[in-house]
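Chain by chain, the residues:
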Amino acid sequence: MSLIKPSLTEIVRKQFLYKMKAYLPAFLTMVVLQVIAIALSFNGTGMSGSGSDTLDMTVHFYSGDFVVTFTMLWAFVIGFNLTTKANRNDDFTFVTNRFSSNLSNAAFLFAASVIGGITALLASNLLMVFVYYFSNKVLLHSFNVMNHPLELLTGMTAASLYVFLIGVLGYICGTIIGISRIFILLLPAVAFATFIVGAGLGENGVIISIFFFFTRETSLLLFIIKVVVTVFILLAGSFALSNRMEVRP
């Protein structure tokens, strides 16, 4: 028996690198989803128009909302899949415990979210290129990466944090469902009931209020703080719940 005791950092690092390699096909799926989002956005994500007897004008609005949304859905699925029994058992090919496994999952989710956020913003700019060259529409205003590098960096940061937040949400949902299958029906039911009750009372409801809490923040620093605190709470809850799961024999 070896007398060398592996450190927690080394274990987490090995598990993280293993997951980056194991999930390479998932990143290809992300790219495919982003391409689909670009195709869906090619005719615009919004439209307005006006006209008179001699002139008709239609304005199409283009944005990367679909691309970012599809990327967030991808992150949710990735976070959920990390909690499946097969993936949990894969971690036991290493000298590991629940804590190191959860840490490596969090690190992988963060890395995947950064990649997803960066590619989503770049794909959004690629949409403008396609519209310029392959449509008969005239661009009245478009984002120039070279002229606005700080805005691009801010956008990538915000997109990455959104993707990370949704990925962690998928992770804790998967952890809860891993404890009992009844939550497969219970979680959507609670979310739907909360939304309906809020709408019935003429209020935003908890879900809409949470949505506005993150999406209406105009300060990047405050937004980062909100996401970091929320992610910390969700991960802490997920870490605590995972300790209730059965130990692999």
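Above this text sits the structure in question.
Owing to the predicted nature of the structure, the values given are computational and were not obtained by experimental measurement.

K.L.:
Explain the environment of Leu235 here, please?
P.N.:
Position of Leu235 among the secondary structure elements: in helix 9 (residues 220–242). C-alpha of Leu235 to C-alpha of Tyr171: the two residues are 64 residues apart in sequence and 8.2 Å apart in space. Those residues in contact with Leu235 that sit more than four places away from it in its chain are Ala106, Val168 and Tyr171.

K.L.:
How should I be thinking about the pattern of salt bridges in this particular structure?
P.N.:
Two side chains that carry opposite charge are able to pair once their charged atoms sit near each other. In this structure the tally under the stated criterion is two salt bridges. Arg13 is the partner of Glu10 in a salt bridge, and the nearest nitrogen-oxygen pair spans 2.7 Å. Here Glu10 pairs with Arg13, and both are found in helix 1 (residues 8–22), just three residues apart, close to one helical turn. Residue class for Glu10 comes out partly exposed when judged on its relative accessible area of 29%. For Glu217, the salt bridge is made with Lys226, and the minimal N-O distance between the two is 2.8 Å.

K.L.:
When you look at helix 3 (residues 65–81) in this model, what are you seeing that I'm missing?
P.N.:
An α-helix turns once per 3.6 residues; consequently, residues spaced three or four apart project the same way. A rise of 1.5 Å per residue sets the reference length of helix 3, with its 17 residues, at 24 Å; its end C-alpha atoms lie 24 Å apart and thus fit the reference within 8%. Within helix 3, the full set of buried residues consists of Val67, Val68, Thr71, Met72, Trp74, Ala75, Ile78 and Gly79. The buried side chains of helix 3 occupy one side of the element, clustering within an arc of 160 degrees when seen end-on. Turned more than 90 degrees away from the buried face of helix 3 sit Asp65 and Leu73, all of them exposed. Of the surrounding elements, those touching the buried residues of helix 3 are helix 2 (24–41), helix 5 (98–134) and helix 6 (149–179).

K.L.:
I keep staring at a nonpolar patch on the surface and nothing clicks. Help me out?
P.N.:
Taken together, Leu28, Val31, Val32, Val35, Ile36, Leu40 and Phe66 make up a surface patch of nonpolar side chains, about 600 Å² in accessible area. With six residues, the top contributor of residues to the nonpolar patch is helix 2. Mapped onto the fold, Leu40 is located in helix 2.

K.L.:
Which parts of the structure should I look at to understand the environment of Glu217?
P.N.:
Tracing the sequence through the fold places Glu217 in the loop between helix 8 (205–215) and helix 9. When residues no more than four places from it in sequence are discounted, the contact partners of Glu217 are Leu222, Phe223 and Lys226. Looking at Glu217, its side chain comes within polar contact range of the main-chain nitrogen of Ser219, at 3.0 Å. Of the polar contacts made by the side chain of Glu217, one reaches the side chain of Lys226; its length is 2.8 Å.

K.L.:
Looking at this model, I keep getting lost on the environment of Ile38. Mind explaining?
P.N.:
With respect to the element layout, Ile38 can be found in helix 2. Along the backbone, Ile38 and Ser124 are 86 residues apart, and their C-alpha atoms lie at a distance of 7.4 Å. Setting aside chain neighbours within four positions, we find Ile38 in contact with Val67, Ala123, Leu126, Leu127 and Phe130.

K.L.:
Got a minute to help me understand the packing of helix 5 against helix 9 in this structure?
P.N.:
Any two packed helices are characterised by the angle at which their axes cross and by the distance between the axes. Look at helix 5 against helix 9: their axes get within 10 Å of each other, and the N-to-C directions meet at 145 degrees. In this structure, the crossing between helix 5 and helix 9 has a hand that is right-handed. When helix 5 is examined against helix 9, the residues Arg98, Phe99, Asn102, Leu103 and Ala106 are found in contact with a partner set consisting of Leu235, Phe239 and Ser242. Partitioning the contact of helix 5 with helix 9 into residue classes produces five nonpolar, two polar and one charged.

Criteria and cut-off values
- Residues numbered from 1 in each chain as written.
- Predicted model: local features only at pLDDT ≥ 70, side-chain atom pairs only at ≥ 80, totals over all residues.
- Heavy atoms only, no water.
- Helix = DSSP H or I, 4+ residues; strand = E, 2+ residues; numbered from the N terminus.
- Contact = heavy atoms within 4.5 Å.
- Salt bridge = Lys/Arg side-chain N within 4 Å of Asp/Glu carboxyl O.
- Buried < 20%, exposed > 50% of the residue type's maximum accessible area, 1.4 Å probe, protein only.
- Expected span 1.5 Å × (residues − 1).
- Arc of directions from axis to C-beta.
- Patch = residues over 30% accessible without salt bridge, like charges linked within 9 Å, V, L, I, M, F, W, Y side chains within 5 Å.
- Areas by Shrake-Rupley, 256 points an atom, 1.4 Å probe, with all protein chains shown as cover.
- Polar contact = N/O pair within 3.5 Å; in protein donor to acceptor, adjacent residues only side chain to side chain.
- Axes fitted to C-alpha atoms, helices over the stretch in contact; angles between N-to-C directions.
- Left-handed = near helix turned anticlockwise from the far one by under 90°.
- Nonpolar A, V, L, I, M, F, W, Y, C, P; charged D, E, K, R; others polar.

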